[in-house]
Structure formats: structure tokens, C-alpha cells
Amino acid sequence: MPQPALRLLALGLLAAAVGLACSRTPEPEAEPAPVPASPAASPGSTAAAHGKETSAQKAERLAWWTDARFGLFIHWGLYAVPAGEWQGKRGYGEWIMEEADIPKAEYERLAERFNPVKYDPEAWARAAKDAGMKYVILTSKHHEGFAMWDTQGTDYNIARRTPYGKGVIEPLAEAARRQGLHFGVYYSIMDWHDPSQRESKPGALNPTLIDPAQKARYVRDMKTELRELVERADVDVLWFDGEWVDWWTQEDARDLEAFLRGLKPDIIINNRIFNSREGSMAGISPTGMPGDFHTPEQEVPAKGLGPGNYWESCMTMNQKWGFVNDSEADWKSTGVLLRHLIDSASKGGNFLLNVGPTAEGEFPQRALQRMAGIGRWMQINGEAIHGTSATPLEQTPAWGRITRKPAEGGAAERLYLHVFDWPRDDVLRLPLAQAVSSARLLADPDARIGIDQGDGELRLRLPAAAPDPEVSVVRLDLSP
Ligand code: H79
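Residue positions are given per chain, counted from 1 along the sequence in the order it is written. In view of the model being predicted, local features appear only for residues whose pLDDT reaches at least 70, and side-chain atom pairs are presented and counted only at 80 or more, with totals across whole chains, interfaces and linings using the full set of residues.

**Let's talk about the pairing of strand β17 (residues 472-478)**
With C-beta atoms placed from the backbone, a residue is buried if 20 or more other C-beta atoms are within 10 Å of its own, exposed if 12 or fewer are, and partly exposed between those counts. Put simply, DSSP marks the helices as runs of H or I at least four residues long and the strands as runs of E at least two long, and each gets a number from the N terminus on. Burial analysis of β17 places five of its seven residues in the buried class, the great majority of the element. Note: two strands are recorded as paired if DSSP finds a minimum of 2 bridges between them. When strand β12 (residues 414-419) meets β17, the two strands line up antiparallel, connected through six bridges. Within β17, the position partnered with Y416 by the bridge is R475. Bridge count for strand β14 (residues 436-441) against β17 is five bridges, and the pairing is antiparallel. When the bridges of β17 are listed, S438 appears paired with D477.

**What about the packing of helix α9 (residues 169-178) against helix α10 (residues 212-233)?**
Geometrically, a packed helix pair is captured by the angle between its two axes and the distance between the axes. Across the interface, α9 lies against α10 with an axial gap of 10 Å and an inter-helix angle of 35°. The crossing of α9 and α10 is right-handed. Two secondary-structure elements touch here, α9 through I169, E170 and A173 and α10 through L229, R232 and A233. Amino acids are sorted into nonpolar (Ala, Val, Leu, Ile, Met, Phe, Trp, Tyr, Cys and Pro), charged (Asp, Glu, Lys and Arg) and polar (every other residue, Gly among them). Of the residues that constitute the contact of α9 with α10, the class distribution is four nonpolar, no polar and two charged. For helices, the fitted axis covers only the stretch in contact; all axes are lines through C-alpha atoms, and the angles between them, taken along N-to-C directions, range from 0 to 180 degrees. Crossing handedness is read from the near helix: turned anticlockwise from the far helix by less than a right angle, it gives a left-handed crossing, and turned clockwise, a right-handed one. Residues are treated as contacting if the C-beta atoms built from their backbones sit within 7 Å of each other.

**Thoughts on the sheet that holds strand β9 (residues 350-355)**
Read from one edge to the other, the open sheet built from seven strands follows the order β7-β6-β3-β2-β1-β9-β8, with strand pairing classed as parallel. The sheet terminates laterally at β7 (268-269) and β8 (312-316), the two strands that pair on one side only. Pairing geometry for strand β3 (residues 182-188) and strand β6 (residues 237-241), over five bridges, is parallel. Within β6, the position partnered with V185 by the bridge is L238.

Structure follows, in C-alpha cells:
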């Protein structure tokens, strides 16, 4: 039989040595300090810019992102205007231009009806923070090609074409930082509007074909736009998508990556900067590809990817990424979303949860309710998510998930047991031989928990009822 305790210790030493995802947050979690608008580059960051980074340097560059574990994705563009409906037909989302086969000239006119007078970036950032999220990723430009900031790269932008008359990216970047959150942008490589690109066959904008004579100009405009975003919104993360077009080569991706790291050495870039996703939406790239982290979409992988492999699962609360008029039945429950967050953390990954705001500039009520619900849970249990790393145990327990914080600065090694299904006989079992010095329920620290250990198994006698209706967390301090 394997020795879980020994394996635990070995993993702990390994993680400490490589400087992976350690707890840096004192408990109880302190108010976050505002993130400086132009953080100093970390010592290893120039190495990333030159493509010569050690795994320890990468861990340091990605430290805030790894500790964060939970972020907000925002899909906002012209598609919010039709809200999923075109010519009486429903079921579309942010892909409506392609799926409803809307001619460019007609689609452009949606801009005349995009007037988000209720946009309150401070309120959005506060909602994210209150949900326990640590960063925000906003679409700067989706496949539709419409830029959500005042850019020199294209006149097809929010400042020029809408009654609103100004950009929405920098205001959210600033609001996010005031709330102590990091900020990033989504950017689509494929562009259904730009004249360089056209349908690959009648009615099929996806994937686009490019006119070779216009490619250099298009890539130059991309760089103009991305430089503006990095310099004006000081983006911490670049989240590419629409990378699967044949005309976007690995050479293009490497050139763009070097360009971006030259602008901001510490910048974090997803794997979709290059067409290398395996298994379609699974979002995993082979090793050695450009980018910093893998991007499973609409799923949490069955297993973690092991140390040194960074990933983030992005997921919608409902059926579409952009705002659509839908019904409650289309939405995942707060409990389901919360379990995806915990599942991601227990496997060593991040969870990026999406909201599609309306064309008036508001988050849908259903999204706000879910974020508030997760926030109430995070208020009590956030320490079991933030700054944690993957479970050290080989087996996923039938009752739930495990996250851990390695021993640091005199604190004991900690395991967090996220109990999805409260045991009927009140006894929680896990294969752990290492001695336990304390066991406490985060939602009810005074509740008595009986500890019984033997034969490589830990048995915790829990109170008869779960203190949290969704997921109750037991914090286990292990003896050194
Ligand atoms: O922005 C959101 C979506 O609009 C966008 N990604 C998230 C973050 C997206 N959603 N669905 N898709 C993209 C579907 C893409 C499907 C395909 Fe392919 C593109 C099928 C074939 C080409 C990508 C590449 C998946 C398989 C190969």
C-alpha cells in the first residue's frame, strides 16, 4: 500500500523548493492592498522576455495568479444588443454574427444601439471582489471585431461608432485596481469584420481566410491595439482566443509573444496565443508551446496537470458567454458553480467564471445572485481556496475535494477538506497516516470534531448536521 503521509511530505518539500503556490496570505485574510498601476518587474521577468526563464522564475511571475485561484470573465460587445435573438429566431449568443449569417453592414448598425449608460465599473469590480475573485478579464475585442476602447488600430470601435462615445476598458482596469484586483483583457485573433479576412465558404465566417496581401497590415494593427491595451490599461493578463485559423502560424505567435513580453515582462499570456489546443475545447497545449497557461473551456479537467503546469478553466453561468434573454432553467445553480471552483482548486487550477453584461451596462440579476452566493461562502471559506495548491492525495474522496497549504513560516502543513456530501454516519474518512494536531470546521470553529487514526486512515467524527448547506470545510493542521 502506498504511503500517503510520506508522499505528502515529499510533495510539500518539492513544492517549497520550486516555490510553487504557497500560502502568502495571513489569516484571517487581510484587506487587499490596491495593486500598483505599474508594478515593478520581478527579478526573473526579463528572463521571460528573452524566452530563458527557469521554472522557479515562472512560478514567481505567476505567483499572484496562482494564489488568486478565482477570477471573473466578462464578455461584452455588440452581441449584447440583439441579446441572442435575430429575426424572430432565438438561441444565438456572442457568435450571432456568424450563426445568423448577418451581413457586415447590418451588424455594424448594432453599434448605434450600444449605449451602456448604466455602466458602473466600480460596481462591477466590487461585485467581483465581494465574490472572492482576485482578477477580472474583460473582452477588448471578440470575433465580431468590435473594439471596446478608443483605439488607433481600427475605427470600428466603441468611441467612434456608438452613442456612448467612449471606451470601457481603462475605466474597469482602474476600478479593478482600486478594489485590489488584477486586470486583463480577452483578445480575438480571428476578426469577422476586418477587411483582411473573409468567409472560408459561403455563410461560414469561422474560421476566416486571410488575404495574404493584407496580413502584414492586420498584424501591425493588432500590435497597435495590444500596445495600447498594455500601456493604457496596464493589463496583467492577455487572454487570446480565435487562434484556430490556419493563417495564424507558430512564427506569428512567437513574434507576438516576444512583442508583448518586451512591452511588459511580467505579463501573463494564455496558450491560445497559438493554435495548439488539443482535444478541441479541452484547451490543453503540448509542452513547449507559446503562452503561460492552458485553457480548458466549459469543463474542469478530470485530473490536474502536475507541478509546473498552469491552467485555468473558464465557464459560463448560463448557456452563452455574451448577454442573452434567457430563463432561470438555463442557469447553473450557485452550488454547482461553487463546486466547480473548489474542484479546480483541488486539482491545482484556476476558475474563471463568466458574466455577460447587458447593452445598458449591467450584470444580469441572476449573475449577481450567484456571485453574491459564492461570495458569502468565500467570506468564511476563502482561505481554503486562495493561496492553496492541489490535493496531495492520489485518490479523489467520494465525499468531496481537498486543497492544501504547505507548511510555511512556522505554520503547520494544512489540508482543507471540502465536504460536498456530508457523511450519513457522521464519520469522514480519508487515507492519511500523518498525525493531525487540530481539525476545525471553518463555518463553525467551536464544533467538536473527534479524531481517530489508525491503519493509514484518518476518521473524523463530525457534528450531525453540516454547518453550510452547500459545502462545509474542515481545516486540518498536520503535526510536523
Ligand atoms: O469567447 C468565448 C466563446 O465565444 C469562444 N471561447 C469562449 C471563451 C468560443 N466558444 N465556442 N467556441 C469558441 C467554439 C469554437 C469551436 C470551434 Fe474549434 C472552432 C470548432 C472548430 C473551430 C476550437 C478549435 C475548437 C475546436 C477547434
